[in-house]
Amino acid sequence: MRRYKKLLGLHFIIGLLIIGIVGCSPSESKEEVNMEDLPEMGDFSKELTLHLSGSFTQGKIEDDNWVQKKLEEMFNIKIVNTKSNTWNTDEVSLMVASGDVPDTFSFTAGNQTSKQLYDGGVTRTIPREMIEKYAPLYSELIDENVPGWEMNLAPDTEDQYLNLTGYQGHTAGILWAPTFRLDWLENLGIDPPGEITPVGTEGGLERMYFTDGAYTLEEVEKILHAFTYDDPDGNGKDDTYGMLPYNNQLHWMNTLMGAHGVAAGYNLMENDKLISAEISEKYKDGLKLLAKWQDMGVVDPEWTTIDVETSWEKYKQGKTGYFTAQRSYIAMEEWTKTRAPQNLIASNPDAKILVTAPEIGPNGQQGQGAWMPVTLLGDAFHISSKVTDEELARILQVFDYINHDEDSRWTIYGEVGTHSEWQGTPEESSLIVKDEFPFEEGNMGFNAYNFRTYPGERLKWLTSEKTLELMDKFFAKPEVVEKMAIRPYRYDLFNETKGEELTKRYSGQLNTIVEEFRMRAIVGEIDVDKEWDAYVEKWLKNGGEQVLEELEKAPKVSDLLGE
């Protein structure tokens, strides 16, 4: 009954939204702001009440938490905490439909774009004049990062913004690499593809080796076969497999597809035609190779029924020789200790891991999809349409401080030494919140009001020394990024088309078509060559054609990068 009432309420509220009772007209929030009526920067003489949330809000906040009380005192505000889970699609949809959103939010869940939120009267615009006055550190960040102020402009304006954007410094460079059981390679007499060096000297890092050399796909195939059939662990049993994928993500195949020159989710030109990666000949070749490996028996057959967490736990049992991993996993950062391959290093003192550059494909291609298609500016921090200019001025000052001023480190990690500690060299390594304190929200309020953005020193607080070393050594080297980061051919960076709206509208059915075909192809239920044309036609007829037609209006990424 409670669920029925909740749905009924949601439908009623949606109805109100449609007839215009909830929310306000977008035009109301584009009126010119009178700066002379607003307080000076740092003038907090008037107490304001603000309903705040940020990128990490999951409804676990406790009132009067440690960060809240300090922020309230600094900025003379009363914070009303957001108790909803902004990572939950249903809860976000309810908030948006009712117009009952916090004054600030950056929903992780939900399916509306910034423009749709604004058009629906849920959010207001943010005048550039106010940003420059009340958020000078953020303004400096946007000044320094092209295309900066050109992004996120509200329709028909030149100085009003739909949101504040973040700097995703943690995604710079390429993220993923293939890993192999080095002790197995040694047992089988297979040489590494280049000079190898340990990632560190202790704590398991001395058994994690890296080389910027790479195996070809043909060499990988032979290795997977040997891992499966040549008793690589020497126990006399036929109990090992070459690789162990999982069925709820595609990270396990990103470098293998990259070796074919394609990245899932992106578009490319093929035969002078703009197409999606999932209907390209390159993707088809990748699927055929994976189907061949499945048929060879070198892929653990349980992969079709397990998710990534289960695959990490199964990898820990030491029966798989190949796994893809992020550079942070290779550096054995604290938050990756349950993930492959760190979990095996920790549980088996004899295990050694070889990390290589992405595999080399038949045409010499190597790589993976770039995490950010064009620029490191991304993500969106929104302001509710209910927020007045006076409140916005105070919000911008709070936003600028907790997300861009390095003195605000306590809003994420508390006092270093009391609430958190350096993982390695002080001021040069990542910060770890002590186990007795909640990492996010709770009674401390860490990350409760912050945005997902990592400019300047914030990347160091988030990233271990060893990960930064790996980035300098390989993963973020300009020549590596230029060669191996696969980007889309066209991308609507400036929201000039309806592409994002169409993608959201059709993504459900298109993803289903792709996922079903991919699974059936790899496990050998269908002949890829025979079924391919029908699959492509089905994809196009179920919204794919409209998505691609709209995408044709977007700029070329090569032009955007050139700018």
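Anything mentioned here points back to the structure above.
This text gives an overview of the structure that appears in the document. (Residues numbered from 1 in each chain as written. Predicted model: local features only at pLDDT ≥ 70, side-chain atom pairs only at ≥ 80, totals over all residues. Heavy atoms only, no water.)

**Remarks on the overall build of the protein**
Along the protein, the regular secondary structure elements total 21 helices and 19 strands. Considered along the principal axes of its C-alpha atoms, the protein spans approximately 80 × 60 × 55 Å. Considering the protein as a whole, with its 563 residues, one finds that 53% of them fall into the buried category. Look at the contacts in the protein between residues 6 or more apart in sequence, and 77% of them connect residues 24 or more apart. If you sum the accessible surface of the protein, you get close to 25,600 Å²; carbon and sulfur atoms cover 46% of it. (Helix = DSSP H or I, 4+ residues; strand = E, 2+ residues; numbered from the N terminus. Buried < 20%, exposed > 50% of the residue type's maximum accessible area, 1.4 Å probe, protein only. Contact = heavy atoms within 4.5 Å. Areas by Shrake-Rupley, 256 points an atom, 1.4 Å probe, with all protein chains shown as cover.)

**Some thoughts on the pattern of salt bridges**
Applying the stated criterion across every chain yields a total of 29 salt bridges. Where glutamate 302 meets lysine 314, a salt bridge forms, and the shortest distance between an N and an O atom there is 3.6 Å. Here glutamate 302, found in the loop between helix 10 (281-296) and helix 11 (308-315), pairs with lysine 314, found in helix 11; they are 12 residues apart in sequence, far enough to count as distant. Overall, the relative accessible area of 18% leaves lysine 314 in the buried class. We note a salt bridge from glutamate 427 to arginine 409, for which the minimum N-O separation is 3.3 Å. Here glutamate 427, found in the loop between strand 17 (420-422) and strand 18 (431-433), pairs with arginine 409, found in the loop between helix 14 (389-404) and helix 15 (410-413); they are 18 residues apart in sequence, far enough to count as distant. Taking the relative accessible area as the measure of exposure, arginine 409 reaches 18% and is therefore buried. (Salt bridge = Lys/Arg side-chain N within 4 Å of Asp/Glu carboxyl O.)

**Structural notes on a negative patch on the surface**
A surface patch of like charges, here negative, comprises Glu32, Glu129, Glu158 and Asp159. You can see glutamate 158 is positioned in the loop between helix 6 (136-144) and strand 5 (160-161). (Patch = residues over 30% accessible without salt bridge, like charges linked within 9 Å, V, L, I, M, F, W, Y side chains within 5 Å. Lys, Arg positive; Asp, Glu negative; His and termini not counted. Charge placed at Lys NZ, Arg CZ, Asp CG, Glu CD.)

**As for the sheet that holds strand 9 (residues 208-210)**
Taken in spatial order, the six strands make up an open sheet running 8-9-14-7-13-10, and their pairing is mixed. On the outer flanks of this sheet lie strand 8 (197-198) and strand 10 (241-243), each paired with one strand and no other. Relative to strand 13 (residues 320-326), strand 10 runs parallel, the two being bridged by two bridges. Along strand 13, the bridge assignment pairs methionine 243 with tyrosine 322. Packed onto the sheet, helix 17 (residues 465-475) meets strand 7 (176-181), strand 8 and strand 9 and runs at close to 30° relative to strand 9. (Pairing = 2+ DSSP bridges. Axes fitted to C-alpha atoms, helices over the stretch in contact; angles between N-to-C directions.)

**Overview of the environment of asparagine 363**
Secondary-structure assignment places asparagine 363 in the loop between strand 14 (353-355) and strand 15 (368-369). Each C-alpha atom of the pair asparagine 363 and threonine 418 lies 54 Å from the other, and the pair is 55 residues apart in sequence.

**A few points about the side chain of aspartate 400**
By the element assignment, aspartate 400 lies in helix 14. The buried charged residue aspartate 400 lacks any salt bridge partner; its closest oppositely charged side chain belongs to arginine 458, at an N-O distance of 8.9 Å. Among the polar contacts listed, one links the side chain of aspartate 400 to the backbone nitrogen of leucine 137, at a separation of 3.0 Å. Among residues more than four places away in sequence, those in contact with aspartate 400 are Tyr134, Ala135, Pro136, Leu137, Tyr138 and Asp405. (Polar contact = N/O pair within 3.5 Å; in protein donor to acceptor, adjacent residues only side chain to side chain.)

**As for the sheet that holds strand 16 (residues 377-383)**
What the three strands build is an open sheet, ordered 3-16-6; its pairing is antiparallel. The open sheet has two edge strands, strand 3 (104-105) and strand 6 (164-167), and neither has a second partner. In the sheet, strand 3 pairs with strand 16 via two bridges, with the strands oriented antiparallel. When the sheet's bridge partners are listed, phenylalanine 105 is paired in strand 16 with histidine 382. Contacts from helix 14 reach strand 3, strand 6 and strand 16, with the element oriented near 145° to strand 16.

**A few points about the pairing of strand 12 (residues 273-276)**
Bridging between strand 11 (residues 267-270) and strand 12 involves four bridges; their strand directions are antiparallel. Paired with leucine 268 across the strands is isoleucine 275, a residue of strand 12. Between the end of strand 11 and the start of strand 12, which pair antiparallel, lie two residues, with asparagine 271 showing a positive phi angle near 55°.

**Quick word on helix 8 (residues 217-229)**
Helix length check: helix 8 (13 residues) gives 18 Å between terminal C-alpha atoms against 18 Å at 1.5 Å per residue, within 8%. The set of residues buried in helix 8 consists of Leu217, Val220, Glu221, Ile223, Leu224, Ala226, Phe227 and Thr228. Buried residues in helix 8 make contact with strand 7, helix 7 (182-188), strand 10, helix 9 (254-258), helix 10 and strand 13. Just downstream of helix 8 lies aspartate 231, where phi reads positive at about 50°. (Expected span 1.5 Å × (residues − 1).)

**A closer look at helix 17**
The periodicity of an α-helix, 3.6 residues per turn, causes residues three or four positions apart to be oriented the same way. Those residues of helix 17 not exposed but buried are Thr467, Leu468, Leu470, Met471, Phe474 and Phe475. End-on view of helix 17: buried residues confined to an arc of 160°, all on one side of the axis. Packing partners of the buried residues in helix 17 comprise strand 7, strand 9, helix 12 (327-330), helix 16 (458-462) and helix 18 (478-484). (Arc of directions from axis to C-beta.)

**Some remarks on empty space enclosed by the protein**
Tallied over the full model, the rule gives five cavities of 30 Å³ or more. What the largest cavity holds in volume is close to 70 Å³. Taken together, Leu50, Leu52, Ser53, Thr104, Phe381, Ile395, Val398, Phe399, Ile402, Asn403 and Tyr449 make up the lining of the largest cavity. For the lining of the largest cavity, the elements supplying multiple residues, two or more each, are strand 1 (48-52) and helix 14. Per-element accounting of the lining of the largest cavity gives the leading share, five residues, to helix 14. Looking at the lining of the largest cavity, its residues break down into eight nonpolar, three polar and no charged. The volume enclosed by the second largest cavity comes to roughly 60 Å³. In terms of lining residues, the second largest cavity is bounded by Tyr138, Ile142, Gly148, Trp149, Met151, Asn152, Tyr161, Asn163 and Thr165. (1 Å grid on protein atoms, 1.4 Å probe; cavity = no way out; pocket = protein on both sides within 12 Å on 5 of 7 lines; lining within 4 Å. Points joined across faces, edges and corners; volume = space filled by probe spheres on them. Nonpolar A, V, L, I, M, F, W, Y, C, P; charged D, E, K, R; others polar.)

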